[in-house]
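# Remarks on the overall topology
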Amino acid sequence: MNIRLFNTMSRKIEDFQPLVPGKVGFYSCGPTVYHYTHIGNLRSFVLADLLKRMFIENGYEVFNVMNITDVGHLTSDDDDSGEDKMEKGAARENKSVWDVAKFYTNEFLRDSADLNLLEPSARPRATEYIQEQINLVQQLVDLGYTYEIPGDGIYYDTSKFAAYGALTGGAVAGNRAGARVEFNEAKRNPTDFALWKFSPTDKKRQMEWDSPWGVGFPGWHIECSAMSMALLGAHFDIHTGGVDLSRVHHANEIAQSEPITGAPWVRYWVHSEFLVDKSGEKMSKSSGEFLTLSVLKKRGYNPMAYRYMLLMGHYQSQLAFSWDGLDAAANGYKNMVRRVIEILNATDAGTLNREQFDIWHDKILGLVSDNLKTAEAIVAVHELLKDQSVNPATKKALFEFIDRLLGLRFIEEAEHVNNLEKAVVPAEIQALADARTAAKAERDWAKADELRARIDAAGWSVIDTRDGAKIVKKA
Ligand code: AMP
Ligand code: ZN
């Protein structure tokens, strides 16, 4: 199947051509683990997950990497100043940097599992690749791309790299559009960035390493060049991240890598747009005001409802989060699950019709392979559900494929709900429910409430319907 992707570098949708036929390697910038991963961050990771699923369904052998940033990301990315985000997180929580990293990494891994994100082929941590980062910096020093700011660090001189900023269409060295006026005066160009920062002399950092230039820690950008090259080789197919990374972080990754690897270092750059709030403001970790997947779960939402909401948009468009929008997505998802339950429970399912299977399979995979048109693919899934000419056995086989491709757990969820609804009500629960019905008839509301609470505590819910009280097992 023809695969097409929007390449930020060319600003065009391009046909995907792998470096090695039948194989694809890609790198995705992962979370900085100084705080919870929010649902905006998760949007960029869902993009990586969809790419992986799409390539697998197209028969590719996929090797993908997503890093964990546990060092070196400063509070001001623009001028390499401010505090290390990890050390700041540790101070806020009165924990060691290592404990902060471990805690938020685990939280992130749980969110990833809840959102059904496939495990990447490798999940390197920046602190595990310090030597590789030092080696890269050394190569850049030897090639003459760097200078030292005494007491500060080793900096990359962006004026030495003619193609600097090509990813975002010509933010040339020394003249970064939108850069704030004040910047580190010792830098030769405003776009220059730190490759290695020296530890302060008056304070001991929790994370610091020896280097040929002195004790310190790597700048944020070098880690992604080092880890991607170590795990994917000098050149690879695709690099992903949120759209905010293209202007600085990815521009810097390219500038660090191409003097060593030759151009182009990476063939396709794929960026996901922001999740924003009602006023169009980007959800941001550093502001401290953000929503996490566990908050959504606590409010009773299935993480699949959020995934469904993301897939109903296109990764290149901003998506405004609202509770109403999430409710609509949750309802849309539930309705589809209902239809899948009917497929699973069909008494006369028939046998798989290979021809019809192929037509729907190719239609849906074709849409996702065409620059990840997930919303259109979901519309096609709705059409499939409505198509009376496709029997339940064929639909079930198609839903197994749809689940692998979109990761929406339709069958798993349908089986779960089905089992809950089919669960036999134990006699003692039935007796409590009957007593509650009697209490209601006598208008003894306090007793009815107390009985409901007992049923609830035992893991069942009683729902009053027009046909009387229905008892269902709680999810
Ligand atoms: P961080 O953990 O801050 O390093 O960010 C991890 C990823 O989330 C990066 O690829 C960011 O570009 C992306 N990201 C940050 N905020 C948002 C947002 N509001 N919507 C979508 N992606 C985001
Ligand atoms: Zn990165």
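Residues numbered from 1 in each chain as written. Chains lettered and ligands numbered in written order. Predicted model: local features only at pLDDT ≥ 70, side-chain atom pairs only at ≥ 80, totals over all residues. Heavy atoms only, no water.

### Side note on the site of ligand 1
Residues in close proximity to ligand 1 total 18 residues, the closest being Thr32, Asp244, Leu275, Met283 and Lys285. The contact in question runs from a nitrogen atom of ligand 1 to an N or O atom on the backbone of Leu275, over 2.8 Å. Measuring from a nitrogen atom of ligand 1, one finds a backbone N or O atom of Met283 at 2.8 Å. Considering ligand 1 on its own, with 500 Å² of exposed area, one finds that the protein chains cover 94% of that surface. Mapped by element, the contributors of at least two residues to the shell around ligand 1 are helix H1 (39-57) and strand E11 (236-242). The greatest single-element share of the shell around ligand 1, amounting to 4 residues, is contributed by H1. Of the residues contributing to the shell around ligand 1, the split by class is 6 nonpolar, 8 polar and 4 charged. (Near = heavy atom within 4 Å. Polar contact = N/O pair within 3.5 Å; in protein donor to acceptor, adjacent residues only side chain to side chain. Areas by Shrake-Rupley, 256 points an atom, 1.4 Å probe, with all protein chains shown as cover. Helix = DSSP H or I, 4+ residues; strand = E, 2+ residues; numbered from the N terminus. Nonpolar A, V, L, I, M, F, W, Y, C, P; charged D, E, K, R; others polar.)

### Things to note about unusual backbone geometry
In this model, Ala263 is joined to Pro264 through a cis peptide bond whose omega is -10°. Positionally, Pro264 belongs in the loop between helix H6 (249-261) and strand E12 (266-272). With a phi close to 60°, Asn94 is a non-glycine residue in the positive phi region. Residue position: Asn94 is located in the loop between helix H2 (85-93) and helix H3 (97-114). Phi is positive for Arg409, close to 55°, though the residue is something other than glycine.

### Focus on the environment of Lys447
Tracing the sequence through the fold places Lys447 in helix H15 (residues 445-457). Separated by 194 residues in sequence, Lys447 and Glu253 have C-alpha atoms that sit 67 Å apart.

### So, the nonpolar core
Ranked by internal contacts, the top residues of the largest apolar core, which has 126 residues, are Phe55, Ile238, Tyr306 and Phe399. Here this core gets 10 residues from one element, more than from any other, and that element is H1. Both domain 1 (4-276) and domain 2 (299-421) contribute no fewer than three residues apiece to this core. In this structure, Ile238 is in contact with Leu5, Phe16, Val24, Gly25, Phe26, Tyr27, Leu51, Phe55, Val266, Tyr268 and Val270, ignoring residues within four places of it in sequence. Counting residues in hydrophobic clusters, the runner-up holds 10 residues, among them Ile429, Leu432, Ala433 and Ala448. (Core = buried A, V, L, I, M, F, W, Y, C linked by side-chain atoms within 4.5 Å. Buried < 20%, exposed > 50% of the residue type's maximum accessible area, 1.4 Å probe, protein only. Domains from an automatic or database assignment. Contact = heavy atoms within 4.5 Å.)

### Observations concerning helix H4 (residues 130-142)
When the terminal C-alpha atoms of H4 are compared, their 18 Å separation across 13 residues agrees well with the 18 Å that a helix rising 1.5 Å per residue should span. Buried positions along H4 lie against strand E7 (146-149), strand E8 (153-156), strand E9 (193-198), strand E10 (216-218), helix H5 (220-232) and H6. Downstream of H4 by a residue or two, Gly144 has a phi angle that is positive, lying close to 85°. (Expected span 1.5 Å × (residues − 1).)

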